[in-house]
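Single-letter residue listing:
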Amino acid sequence: MLSVLPSSSYKGTRDFYPDDSILDTYDFRKQNYIFETWKKTLTKRGFVQYDSSIIENAQIYIEKSGEELGSTQLYSFLDKGGRLVALRPEMTPSLARLVANKFRELKFPLRWFSIPNCFRYERPQKGRLREHWQLNVDIIGLLAGEVELELLILLGDLFKDFGADKRHFKIMYNHRQVLDNWLKSKNLFLQKELIYKVLDNWYKLDIKEKTEILSESLESSEIQTVLNLGNHEPQAFLEYQKIAKDFREFDFLKNLDKLQPDLEYEFSPTIIRGIAYYTGLVLEAFDKNPQNSRALFGGGRYDNLLELFGKSAPAIGFGWGDVTMHEFLSGHNLYPNFNENLQKVGILAVSEESLIKIFKTIIPNLIQAGKIYEINYEYSRSENKRRQTLNKKGCKEIILV
Ligand code: HAM
């Protein structure tokens, strides 16, 4: 007897059904809406699209993506020629490779975007899957400064084009070198790893847990210093802001509130980002809906990544996944009503003879009028039943031919 295979998708991946009027899922229309809105916002601002294969040399992640993405979460295997390859867990190393490969021909600065699918061997859970699509927006060839402001404004615009504002989300940023300089000024640089861990999980850990972790190698006065910073205690935060003044990009970032008054941006030492290659500004956005507590996007400046391919160029960008974006839009009811402007016409063919008229004149006329159609060929059923079938499929108008 033939064995029956499971019809469910591979663990942690999604199937995309064409319409959610029957199934309450994240369907193709929703995904297309997200992708199309992203594309429109970006192309209007002069960004151009690129792509590459989902298979890459695994080494680029092993060397640059950090402990999780480059090892435990990496889908890697030997191809038939014995090469170690991987399904991309992120796009940024591929982007660096593409740029390095045509370095002489490209005209910098580059303003590029892509919407690749990425694979991470994760424990599937709310907001985290094994395959997701990720908008990647990157600007390559500009040193830290004005471009940090440009990118943060662009992020705000990307939200606004979905109808979102500060009631729905908050954009947060930090700077790895500011944090490192602060650690040095407090003689805490050697305990950096532990302090990064606590700041990175600031809103997940309670005070007892934070203290417990830090007490592994910090004295109680030092623990208090870290807690004051994480809590934005005014004096501690003022010192932190003073260190930030040494970095040119903060001259520009101070204008964010003036430029995007309907949005909320926050400079916070609690933004760390797991990926190893970030060198300056790091950023994240949070949904204000407590049911969707994961970061909506993550990114930052990575000025050394192209060195992996023997080239050098400053770079900044972010990745924004479709899994949490869907949760964000549905949680705040920000999806449009897809059926509102849908004009679907049902065509009831009375016999085989009516087909000539249907294909020759009726359908071309409907297409010209911007209407979509569905034909019913069940000649032998009663007209009433056939009308009901077409109504159920969303046809408001029905033509009998
Ligand atoms: P990342 O923080 O690893 O950064 O991922 C960026 C975003 O992708 C996350 O904030 C989340 O929205 C989404 N994401 C990541 N992993 C998953 C998952 N397993 N399931 C669902 N969504 C996920 C990067 O990947 C960087 N390469 C981004 C970047 C671009 N930095 C500079 N340019």
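Residues numbered from 1 in each chain as written. Predicted model: local features only at pLDDT ≥ 70, side-chain atom pairs only at ≥ 80, totals over all residues. Heavy atoms only, no water.

Enquirer: Would you mind going over the site of the ligand in detail, with residue names and values included?
Expert: Taken together, 27 residues are adjacent to the ligand, and Glu90, Thr92, Glu122, Arg273 and Tyr278 come closest. The side chain of histidine 132 places a nitrogen or oxygen atom 3.3 Å from a nitrogen atom of the ligand. Between the ligand and the protein, one listed contact pairs a nitrogen atom with a side-chain N or O atom of tyrosine 277 at 2.9 Å. Alone, the ligand offers 660 Å² of accessible surface; in the complex the protein occludes 98% of this. Broken down by secondary-structure element, the contributors of at least two residues to the shell around the ligand are strand E7 (131-140), strand E11 (295-301), strand E12 (315-321) and helix H13 (322-331). Here the shell around the ligand is composed, by residue class, of ten nonpolar, eleven polar and six charged. (Near = heavy atom within 4 Å. Polar contact = N/O pair within 3.5 Å; in protein donor to acceptor, adjacent residues only side chain to side chain. Areas by Shrake-Rupley, 256 points an atom, 1.4 Å probe, with all protein chains shown as cover. Helix = DSSP H or I, 4+ residues; strand = E, 2+ residues; numbered from the N terminus. Nonpolar A, V, L, I, M, F, W, Y, C, P; charged D, E, K, R; others polar.)

Enquirer: Can you break down the nonpolar core residue by residue, with the values?
Expert: Judged by nonpolar contacts, the single largest core of 70 residues is most densely connected at Trp38, Leu135, Leu152, Phe159, Tyr173 and Trp320. Residues in contact with tyrosine 173, not counting those within four places in the same chain, are Leu152, Phe250, Leu253, Leu256, Tyr265, Glu266, Phe267, Ser268, Ile271, Leu281, Val282 and Leu283. (Core = buried A, V, L, I, M, F, W, Y, C linked by side-chain atoms within 4.5 Å. Buried < 20%, exposed > 50% of the residue type's maximum accessible area, 1.4 Å probe, protein only. Contact = heavy atoms within 4.5 Å.)

Enquirer: Go over the pattern of salt bridges with me, naming the residues and quoting the values.
Expert: Within the structure shown, the criterion is met by 24 salt bridges. Note that aspartate 157 and arginine 45 form a salt bridge whose closest N and O atoms lie 3.2 Å from each other. Placement of aspartate 157 in helix H5 (residues 146-160) and of arginine 45 in the loop between helix H1 (28-44) and strand E1 (48-49) is noted, with a sequence separation of 112 residues between them. Taking the relative accessible area as the measure of exposure, aspartate 157 reaches 14% and is therefore buried. (Salt bridge = Lys/Arg side-chain N within 4 Å of Asp/Glu carboxyl O.)

Enquirer: Explain a positive patch on the surface to me, and be specific about the residues and the numbers.
Expert: Residues Lys242, Lys245, Lys254 and Lys258 make up a contiguous surface patch of positive charge. Mapped onto the elements of the fold, lysine 258 is located in helix H12 (residues 256-259). (Patch = residues over 30% accessible without salt bridge, like charges linked within 9 Å, V, L, I, M, F, W, Y side chains within 5 Å. Lys, Arg positive; Asp, Glu negative; His and termini not counted. Charge placed at Lys NZ, Arg CZ, Asp CG, Glu CD.)

Enquirer: Go over the packing of aromatic side chains with me, naming the residues and quoting the values.
Expert: For the coordinates displayed, the defined rule picks out 28 aromatic pairs. Put simply, the rings of Phe35, Trp38, Phe159, Phe169, Phe297, Phe318, Trp320 and Phe328 touch in pairs and so form one group of aromatic residues. The ring centre of tyrosine 335 lies 5.4 Å from the NZ or CZ of lysine 30, which sits over that ring. Cation over ring: lysine 184 sits above phenylalanine 189, and NZ or CZ is 4.9 Å from the ring centre. (Phe/Tyr/Trp six-rings, centres within 6.5 Å; stacked < 30°, edge-to-face > 60°. Lys NZ or Arg CZ within 6 Å of the ring centre and 35° of its normal.)

Enquirer: Could you give an account of the sheet that holds strand E13 (residues 344-348), naming the residues involved and the relevant values?
Expert: With parallel pairing, the three strands of this open sheet are ordered in space as E14-E13-E15. For this open sheet the edge positions go to strand E14 (372-376) and strand E15 (397-400), each flanked by a neighbour on one side alone. When strand polarity is set aside, the average angle formed by the axes of neighbouring strands in this sheet is 25 degrees. Here E13 pairs with E14 via five bridges, running parallel. Across the sheet, residue lysine 344 finds its bridge partner in E14, namely isoleucine 372. The sheet strands contacting helix H14 (residues 354-368) are E13, E14 and E15, and the helix crosses E14 at an angle near 150 degrees. Strand contacts of helix H15 (residues 383-392): E13, E14 and E15, with the helix running at about 155 degrees to E13, the strand carrying the most contacts. (Pairing = 2+ DSSP bridges. Axes fitted to C-alpha atoms, helices over the stretch in contact; angles between N-to-C directions.)

Enquirer: So what's going on with the pairing of strand E10 (residues 281-287)? Which residues, and what values?
Expert: Within E10, six of the seven residues are buried, which leaves the element mostly enclosed by the surrounding structure. Across seven bridges, strand E8 (residues 169-175) lies against E10 in antiparallel orientation. Residue pairing for E10: tyrosine 173 is matched across the bridge by leucine 283.

Enquirer: Talk me through helix H6 (residues 176-185); I want residue IDs and the actual numbers.
Expert: Along H6, the residues classified as buried are Arg176, Val178, Leu179, Asp180, Trp182 and Leu183. Buried residues along H6 sit against E8, helix H7 (192-200), helix H9 (220-230), helix H10 (234-244), helix H11 (249-253) and E10.

Enquirer: Describe in detail unusual backbone geometry, supporting the description with residues and values.
Expert: Here the amide bond leading from phenylalanine 108 into proline 109 is cis, since omega sits at -5 degrees, within 30 degrees of zero. Here proline 109 lies in the loop between helix H4 (92-101) and strand E5 (110-114). A positive phi angle, near 55 degrees, is found at histidine 232, a position not held by glycine. Residue position: histidine 232 is located in the loop between H9 and H10. Histidine 232 gets classed as partly exposed once you look at its relative accessible area, which sits at 23%.

Enquirer: Outline the sheet that holds strand E2 (residues 55-57), listing residues and values.
Expert: The antiparallel open sheet is built from three strands, whose spatial order is E2-E4-E3. Two strands lie at the open edges of the sheet, namely E2 and strand E3 (75-78), each paired on one side alone. Across the sheet, the mean angle separating the axes of adjacent strands is 35 degrees when strand polarity is ignored. Note that E2 and strand E4 (residues 84-87) share three bridges and pair antiparallel.

Enquirer: Lay out the pairing of E12 in plain terms, naming residues and giving numbers.
Expert: Counting buried positions along E12 gives seven out of seven residues, so the element sits mostly inside the fold. Of the two faces of E12, the one carrying Ala315, Gly317, Gly319 and Gly321 and the one carrying Ile316, Phe318 and Trp320 are both buried. Here E7 pairs with E12 via seven bridges, running antiparallel. In the strand pairing of E12, leucine 135 is matched with tryptophan 320.

Enquirer: I'd like a rundown of the packing of H7 against helix H8 (residues 207-214), residues and numbers included.
Expert: It is at 10 Å that the axes of H7 and H8 come closest, and there the two elements cross at 170 degrees. Between H7 and H8, the interaxial angle falls into the category roughly antiparallel. Every residue of H8 that contacts H7 at Leu194, Ile195 and Val198 is listed here: Lys210, Ile213 and Leu214. Taken together, the residues of the contact of H7 with H8 break down into five nonpolar, no polar and one charged. (Parallel < 35°, antiparallel > 145°, perpendicular 65-115°, else oblique.)

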